[in-house]
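# Breakdown of the fold
Here are the chains, one letter per residue:
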Amino acid sequence: MNAHQLDAGGVIINTIVVESLDFMPNLIEATEGGIGWTYANGVFTAPSEPEIVVPPESTKEQLMAELAALTAKIQALA
């Protein structure tokens, strides 16, 4: 059978094949879920989706200032 290994907080950290759940501590039958899921009170919970943060677009002026600074650094190396 497949079994999930849980950490102390109830997060699934591994999935293995065992003959018995008595094989090692902190094993539960892997009826659903996977690494990163949590298990508490008989319920599997999927991890939440990470929030994607899109940086604001640079203005032409900001890009020109960055270009000027990089150009000055390159010229200083020559």
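Residues numbered from 1 in each chain as written. Predicted model: local features only at pLDDT ≥ 70, side-chain atom pairs only at ≥ 80, totals over all residues. Heavy atoms only, no water.

### Regarding the overall build of the protein chain
A tally of regular secondary structure across the protein chain gives one helix and five strands. Ordering the α and β elements of the protein chain from the N terminus gives β-β-β-β-β-α. Relative to a compact globule of 78 residues, whose C-alpha radius of gyration would be 12 Å, the protein chain shows 25 Å and is clearly more extended. The principal-axis extent of the C-alpha atoms belonging to the protein chain is close to 70 × 30 × 20 Å. In the protein chain, buried positions account for 14% of the 78 residues. Taking contacts inside the protein chain between residues at least 6 apart in sequence as the whole, the part at least 24 apart equals 32%. (Helix = DSSP H or I, 4+ residues; strand = E, 2+ residues; numbered from the N terminus. Rg over C-alpha atoms; globule rule 2.2 N^0.38 Å. Buried < 20%, exposed > 50% of the residue type's maximum accessible area, 1.4 Å probe, protein only. Contact = heavy atoms within 4.5 Å.)

### Focus on the sheet that holds strand β2 (residues 12-17)
If you walk across this open sheet you meet the three strands as β2-β1-β3, and the pairing is antiparallel. Each edge of the sheet is formed by a strand with only one pairing partner; in this case those strands are β2 and β3 (27-29). This sheet shows a mean twist of 35° between the axes of neighbouring strands, independent of strand direction. Bridging between strand β1 (residues 2-6) and β2 involves five bridges; their strand directions are antiparallel. In the sheet register, Gln-5 faces β2, and the bridge partner there is Asn-14. (Pairing = 2+ DSSP bridges. Axes fitted to C-alpha atoms, helices over the stretch in contact; angles between N-to-C directions.)

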